[in-house]
Amino acid sequence: MTVTRIDVDAGGSYPVLVGQGLLGQLPELLGPRAEKVLVIHPRALRTTGETVRDDLRTLGLDAIVAEIPDAEEAKHIQVAAFCWQVLGQSDFTRTDAIITLGGGAVSDLGGFVAATWLRGISVIHIPTTVLGMVDASIGGKTGINTAEGKNLVGSFHAPAGVLVDLDTLRTLPEHELFTGLAEVVKTGFIADPAILDLVAEHSKAEIAEVDGPVLRELIERSIAVKADVVSTDFKESGRREILNYGHTLGHAIEHKERYQWRHGAAVSVGMVFAAEVAAMVKNLPTEVVDLHRELLSKLGLPTGYRADVWPQLLETMKRDKKARGSMLRMVLLSDIAAPATVEIPDVSILHTAYQEIGEESPRVPLGGDLGLRAK
């Protein structure tokens, strides 16, 4: 299969390579100066992480692995401190590198560790989920969670490259694949209507086929949208905010659920909420609001959330990174591919919109303890 190269120019120029069997691209991305490499992977990818480590050792690199918790449990300060300890004990210098292997939580955490070790060392992302491929691994945003909210501590640190190896999706549970596609649908609504057409025109089975053309085109189109946006606004001072479509309520739901909901599931609800708000303040056509529910429901994603927790969600939303003082701001559409960040002068508008999505929403359990290993 051919390799697609999508270049990003945000905090530095780097390639995103899409294809299959891409591990052979690692030496070129690491460059000739790297001597030590830390492979950060979640517990669920222990075998794959150790395989990558062994492959790097055959190339003459001093490679070690750091195993971290799965999913959002990885994004804690104590996990970052564990990785810093491994780097320090292994005498990593500024010419050495980190490779992240896993979903968006791993690239967020690993990118943050790379950004802060010696004020910045090289990092290469190998995303193994759809969410990681189209969102977290691209653009250089890194972060960890706190008790007060998601990604409130972080930095901007561009990777040296991203390897989107579609073969890694073969063992991905189906629900993981479809929750990741929420971010793909998001890029369709904010920038590329062809994505929405692809989801509308193909069956769920066709979309999920790893070797099929639909999933690859969806992923490549979504990456292209993000690459274009972050290349014009690396540090989210303007246009990049549109990538947060659906995230204002989505992050609040994740916080309420103590990160036991998948990110894509929460963003799915957040997009429907944003569409309802936009119908009131931006005259978003009813058919576009309905299209949100239609496409997200087709992928098996939730479009509503608990009606009884609005006050807690609103308090969390007020701490959103887009807020300015006491003014809550949201990314809203006036039509498909016409997003803008809008100040919400009256929270009663939000309450009215929330009544349109309020329901009992099923939980998506993750679980797991905080396990840390290095070798």
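First, a word on what this report is: a plain description of the structure on this page. Here the structure is a predicted model, which means the values were calculated and not measured. (Residues numbered from 1 in each chain as written. Predicted model: local features only at pLDDT ≥ 70, side-chain atom pairs only at ≥ 80, totals over all residues. Heavy atoms only, no water.)

### Examining the environment of Lys186
Among the secondary structure elements, Lys186 is positioned in helix 6 (residues 174-190). Separated by 22 residues in sequence, Lys186 and Ala208 place their C-alpha atoms 17 Å apart. Each residue touching Lys186, except ones within four places of it in the same chain, is listed here: Asp135, Leu243, Tyr245, His247 and Met271. (Helix = DSSP H or I, 4+ residues; strand = E, 2+ residues; numbered from the N terminus. Contact = heavy atoms within 4.5 Å.)

### Some points on the pairing of strand 11 (residues 338-344)
Examined bridge by bridge, strand 10 (residues 328-335) and strand 11 share seven bridges and lie antiparallel to one another. Within the sheet, the bridge partner assigned to Leu333 lies in strand 11 and is Pro339. (Pairing = 2+ DSSP bridges.)

### Digging into the packing of aromatic side chains
Here the structure, examined in full by the defined rule, presents six aromatic pairs. An aromatic cluster of at least three residues, connected via ring pairs, comprises Phe273, Trp310 and Tyr354. When the ring centre of Phe178 is taken as origin, the NZ or CZ atom of Lys204, which lies over that ring, is 4.7 Å away. (Phe/Tyr/Trp six-rings, centres within 6.5 Å; stacked < 30°, edge-to-face > 60°. Lys NZ or Arg CZ within 6 Å of the ring centre and 35° of its normal.)

### A word on the pattern of salt bridges
Going through the model one piece at a time under the given rule, you end up with 19 salt bridges. Note that Asp70 and Arg43 form a salt bridge whose closest N and O atoms lie 3.6 Å from each other. On the criterion of sequence distance, the pair formed by Asp70 in the loop between strand 4 (62-68) and helix 3 (77-89) and Arg43 in the loop between strand 3 (36-42) and helix 2 (46-58) is long-range, its members being 27 residues apart. Given the relative accessible area of 28%, Asp70 is considered partly exposed. Arg43 sits in the partly exposed class, given a relative accessible area of 24%. Between Arg329 and Glu241 there is a salt bridge, with its nearest N and O atoms 3.2 Å apart. With Arg329 in strand 10 and Glu241 in the loop between helix 9 (213-232) and helix 10 (247-256), this residue pair connects regions lying 88 residues apart in the sequence. Of the residues examined, Arg329 reaches a relative accessible area of 14% and is grouped as buried. Take Glu241: its relative accessible area is 5%, and that puts it in the buried class. (Salt bridge = Lys/Arg side-chain N within 4 Å of Asp/Glu carboxyl O. Buried < 20%, exposed > 50% of the residue type's maximum accessible area, 1.4 Å probe, protein only.)

### Details of the nonpolar core
Among the nonpolar cores identified, the biggest contains 85 residues, and Val16, Leu181, Phe273 and Leu350 are the most heavily contacted of them. In terms of residues, this core owes the most to one element, helix 11 (residues 263-281), which gives 11 residues. Not counting residues within four places of it along the chain, the set of residues in contact with Val16 comprises Thr4, Arg5, Ile6, Val8, Ile138, Val162, Val164 and Ile223. Among the nonpolar cores identified, the runner-up in size contains 23 residues, and Ile40, Val79, Leu87 and Leu109 belong to it. (Core = buried A, V, L, I, M, F, W, Y, C linked by side-chain atoms within 4.5 Å.)

### Section: the environment of Ile195
Examined against the element boundaries, Ile195 turns out to sit in helix 7 (residues 193-201). What makes Ile195 buried here is its relative accessible area of 0%. Expressed as a C-alpha distance, the spacing of Ile195 and Glu217, which sit 22 residues apart in the sequence, is 8.4 Å. Setting aside chain neighbours within four positions, we find Ile195 in contact with Val184, Val185, Thr187, Gly188, Leu218, Arg221 and Ser222.

### Points about the packing of helix 6 against helix 11
The interhelical angle for the contact between helix 6 and helix 11, taken along N-to-C directions, is 40 degrees, at an axis separation of 6 Å. It follows from the interaxial angle that helix 6 and helix 11 lie oblique. The two elements helix 6 and helix 11 meet at a crossing, and its hand is left-handed. Contacts from Thr179, Ala182, Glu183 and Lys186 of helix 6 reach helix 11 at His263, Gly264, Ala265, Val267, Ser268 and Met271. Grouping the amino acids of the contact of helix 6 with helix 11 by side-chain chemistry returns four nonpolar, four polar and two charged. (Axes fitted to C-alpha atoms, helices over the stretch in contact; angles between N-to-C directions. Parallel < 35°, antiparallel > 145°, perpendicular 65-115°, else oblique. Left-handed = near helix turned anticlockwise from the far one by under 90°. Nonpolar A, V, L, I, M, F, W, Y, C, P; charged D, E, K, R; others polar.)

### Brief notes about the packing of helix 11 against helix 14 (residues 347-355)
Between helix 11 and helix 14, the shortest axis-to-axis distance is 9 Å and the interhelical angle comes to 125 degrees. It follows from the interaxial angle that helix 11 and helix 14 lie oblique. Once helix 11 is placed against helix 14, the crossing between them reads as right-handed. Contacts between helix 11 and helix 14 involve Phe273, Glu276, Val277, Met280 and Val281 from the first element and Ile349, Leu350, Thr352, Ala353 and Tyr354 from the second.

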